[in-house]
Amino acid sequence: MIKRLGGASLLALGLSTSAFADHHKEEDVTVYRVFVGDHEAAQVTAFDLSAPEKRWTFATKGQVKLYPVAGQSVIAAVQSFDDQVNFIRSGLSFQDHGGHSDIEVTEPSAIPLPLEGARPFHLLEHDGYVSINMDQGGYSVVLDSHELSEGEFQRYDIALNHAHHGVVVPWGKQWLSSVAADKAEEGSLPPRVGIQAVDVKGVATGKMATCTGLHGESFSGEYLALGCKEGVLTVTAGANGPEYKMLPYPDRFPEGEMTGHLIGTKSFQSFFGSYGKKGVVTIDPTAEPAMQLVELPFRRVDFTVDPVKIKYGYVLTEDGRLYRVNLLSAKIEASTQVTEPYSLEGHWNDPRPRLAMAGDEIIITDPNASLIRRISTESLSEIGTIDVEGMPYNIAVIGGSGLSH
């Protein structure tokens, strides 16, 4: 099914106060724009890290999970509990010119028409498409990233074999779809058992690769990685279609656990993932061993990777301590206290800190303190805080450097 969705007109040419005053001059500009979703209030608050006193607020239907898409030009606000996805033009656009990038800075603005569907959840972007799974609808909505950046786009619905908590991955001229079991416990969605190639109508075009409990998916280099009970399943493009390889968890890993969240690095071949409640794993599908475990003293609250100091990842544990992990050696190199403790007991969606990166800073939401904390990646010390009303929860930070003309 294809639907035409309309969007906003192109943004006005007015520039953010944090950018540059005279647009006739060529300047080297660095801008990081922060988007924060509140845990209770149905809204997204945005501000520039260099000028946080100027705020933009965007109403949503409910609580959001935020994803930068379309080359950072759009923020997708996924509202799983309210069956809606809103899109916000970020106001930042980058154009690569080989030796440098141009940057254009304008005010962020809402794309008027939201996307509706039954329990939107996993969002993934690849090959110029954004895929949002509708868990209770039995399909994934696929949008063209370029069209989305322009505010008008077509919607493609890719059918799943059953409604389930899954994912559809854009993959060249076909799609990779998670596969659910034919039976489910009463009142529950069927469990995930694998992944297979499908056409635009959701009809299988290849054999299913087993991946029990499939959860967590990310790209790095030529690899797609998926978390499974058996191990981490990798997918690469082969001459006759996708090629699958299971990387089993090493025998020394604690039994009965799995990887359920993966972040792929962009500058070298590596993944940073969860393992159980108290561990993180570094994964290089081309190395031996492919997986290395880092065990933490307390349960993991959130983690991210550093796009600037590319060999590092950061993990926040429930005691409020932040750890710097070397992704190459799989060793903890430093740690420091950054927030009060946040217990993982209770509901999975209780307000807890979330991490994002902004150049040489780690940006951390601190819901109980109504603060955004700015942490230096060099020293792990706090270099500032930003007051945010309510309970700042999910966060996305976009930006970088470029020349303005």
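First, a word on scope: everything that follows refers to the structure included in this document. As the structure is a computational prediction, the values presented were derived from the model and not from experiment.

Analysis parameters
- Residues numbered from 1 in each chain as written.
- Predicted model: local features only at pLDDT ≥ 70, side-chain atom pairs only at ≥ 80, totals over all residues.
- Heavy atoms only, no water.
- Core = buried A, V, L, I, M, F, W, Y, C linked by side-chain atoms within 4.5 Å.
- Buried < 20%, exposed > 50% of the residue type's maximum accessible area, 1.4 Å probe, protein only.
- Helix = DSSP H or I, 4+ residues; strand = E, 2+ residues; numbered from the N terminus.
- Pairing = 2+ DSSP bridges.
- Axes fitted to C-alpha atoms, helices over the stretch in contact; angles between N-to-C directions.
- Salt bridge = Lys/Arg side-chain N within 4 Å of Asp/Glu carboxyl O.

### Digging into the nonpolar core
Grouped burial of nonpolar side chains is what soluble globular proteins tend to show.
Now for step 1: Core analysis: the biggest nonpolar cluster contains 19 residues, and Val69, Phe87, Leu115, Leu123, Ile132 and Leu148 have the highest contact counts within it.
Now for step 2: When contributions to this core are tallied by element, the ones reaching two or more residues are strand 5 (65-69), strand 6 (74-79), strand 7 (84-89), strand 10 (109-116), strand 12 (129-134) and strand 13 (139-144).
Now for step 3: With 17 residues, the next largest nonpolar core counts Val31, Phe35, Ile75 and Ala77 among its residues.

### Section: the sheet that holds strand 25 (residues 279-283)
Now for step 1: With respect to topology, four strands assemble into an open sheet ordered 23-24-25-26, the strand pairing being antiparallel. Since the sheet does not close on itself, it has two edges, and those belong to strand 23 (262-264) and strand 26 (291-295), each with one partner. Strand-to-strand twist of the sheet, defined as the mean angle between neighbouring strand axes without regard to direction, takes the value 20°.
Now for step 2: Taken together, the five bridges between strand 25 and strand 26 define a ladder with antiparallel strand orientation. Residue Thr282 lies in a different strand from strand 26, and its bridge partner there is Gln292.

### Some thoughts on unusual backbone geometry
Now for step 1: With an omega dihedral of 0°, the bond running from Glu288 to Pro289 counts as a cis peptide bond.
Now for step 2: With respect to the helices, strands and loops of the structure, Pro289 is situated in the loop between strand 25 and strand 26.
Now for step 3: With a phi angle near 70°, Gln72 is a residue other than glycine that sits in the positive phi range.
Now for step 4: For Gln72, the position within the fold is in the loop between strand 5 and strand 6.
Now for step 5: Of the residues examined, Gln72 reaches a relative accessible area of 25% and is grouped as partly exposed.
Now for step 6: A positive phi angle is found at Arg119, which is not glycine, with a value near 60°.
Now for step 7: Its location among the elements puts Arg119 in the loop between strand 10 and strand 11 (120-126).

### Describing the pattern of salt bridges
Now for step 1: Tallying each qualifying case throughout the model produces 10 salt bridges.
Now for step 2: Note that Arg374 and Glu361 form a salt bridge whose closest N and O atoms lie 2.8 Å from each other. Of this pair, Arg374 sits in strand 33 (residues 371-376) while Glu361 sits in strand 32 (residues 361-366); the two residues are 13 residues apart in sequence, bridging distant segments of the chain.
Now for step 3: Residues Arg373 and Glu382 are paired through a salt bridge, measuring 2.9 Å at the closest nitrogen-oxygen approach.
Now for step 4: A relative accessible area of 14% means that Arg373 is categorised as buried.

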